[in-house]
Amino acid sequence: MLAVISYFIVGPRLIQITVIDGADMKLWRQPFDMAEKAPKPVKVHIDVDRCKGCGYCAEFCPRGVLKMTDELSPKGYDMVKVVDETKCLGCGLCEAICPEFGIYLTTEEKEE
Ligand code: SF4
Ligand code: SF4
């Protein structure tokens, strides 16, 4: 692992920036360590009355299950669609990240 420490003078202050680089270092984290958390089969539901089309769920879904479309919801917001539910990990990130409680998951067990 390589550690690089650099100093910069910005205005009247000296700041230190530390960059650490290494082949095994994680620079960012995929949600919930995907493969190990492979789920029970889930169904992804979008509540079109709540969704405001912000796109967070589609942007951060680690598997590209969701996609924004040009279609408008009954309230006039861009709609998000489930494009390939078979790829869904059931990680719950979309549910957790939605500020409008507009997307949720159910398991097959819950639906029975
Ligand atoms: S639970 Fe949501 S964020 Fe996770 S893979 Fe499925 S659709 Fe994507
Ligand atoms: S995060 Fe929620 S409000 Fe935003 S597009 Fe997805 S379902 Fe809609």
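Relevant structure appears above.
Residues numbered from 1 in each chain as written. Chains lettered and ligands numbered in written order. Predicted model: local features only at pLDDT ≥ 70, side-chain atom pairs only at ≥ 80, totals over all residues.

Participant: How should the overall build of the chain be read in this particular structure?
Facilitator: Per the secondary structure count, the chain includes three helices and six strands. Its helices and strands in sequence order give the chain the pattern β-β-β-α-β-β-α-β-α, from N to C terminus. In the chain, which comprises 112 residues, the share counted as buried stands at 14%. The long-range fraction of contacts in the chain, counting pairs at least 24 apart against all pairs at least 6 apart in sequence, stands at 59%. (Helix = DSSP H or I, 4+ residues; strand = E, 2+ residues; numbered from the N terminus. Buried ≥ 20, exposed ≤ 12 C-beta atoms within 10 Å, placed from the backbone. Contact = placed C-beta atoms within 7 Å.)

Participant: When you look at the site of ligand 1 in this model, what are you seeing that I'm missing?
Facilitator: As a matter of local geometry, ligand 1 sits amid 14 residues, with Cys-61, Val-65, Cys-88, Cys-91 and Cys-94 nearest to it. By residue class, the composition of the shell around ligand 1 is eleven nonpolar, two polar and one charged. (Near = placed C-beta within 6 Å. Nonpolar A, V, L, I, M, F, W, Y, C, P; charged D, E, K, R; others polar.)

Participant: Sorry, what's going on with the environment of Asp-47 here?
Facilitator: Its place among the elements puts Asp-47 in the loop between strand S3 (42-46) and helix H1 (56-60). Residues Asp-47 and Gly-102, spaced 55 residues apart in sequence, show a C-alpha to C-alpha distance of 4.9 Å.

Participant: Explain the pairing of strand S5 (residues 78-82) here, please?
Facilitator: Regular strands place side chains that alternate from one sheet face to the opposite one. By the bridge criterion, four bridges tie strand S4 (residues 66-72) to S5 in an arrangement that is antiparallel. Note that in S5 the partner of Met-68 across the bridge is Val-80. (Pairing = 2+ DSSP bridges.)

Participant: Is there a simple way to think about unusual backbone geometry in this case?
Facilitator: It is generally the case that most residues other than glycine have a negative phi and that most peptide bonds are trans. Its identity is not glycine, yet Phe-101 carries a phi of approximately 55°, on the positive side. In this fold, Phe-101 is placed in the loop between helix H2 (93-97) and strand S6 (103-107). Classification of Phe-101 by C-beta neighbours within 10 Å gives exposed; the count is 10.

Participant: Just to check I follow, could you spell out the nonpolar core for this structure?
Facilitator: Taken as a class, soluble globular proteins show a tendency for nonpolar side chains to be buried jointly. Cys-57, Cys-61, Leu-66 and Cys-94 are the most contacted members of the largest nonpolar core, which totals 13 residues. Every element with two or more residues in this core is listed here: S3 and H1. Filtering out sequence-adjacent residues up to four positions away, Cys-57 remains in contact with Leu-66, Val-80, Cys-94, Ile-97, Cys-98 and Ile-103. (Core = buried A, V, L, I, M, F, W, Y, C linked by C-beta atoms within 7 Å.)

Keep in mind that these numbers describe shape and distance, not what the molecule does.
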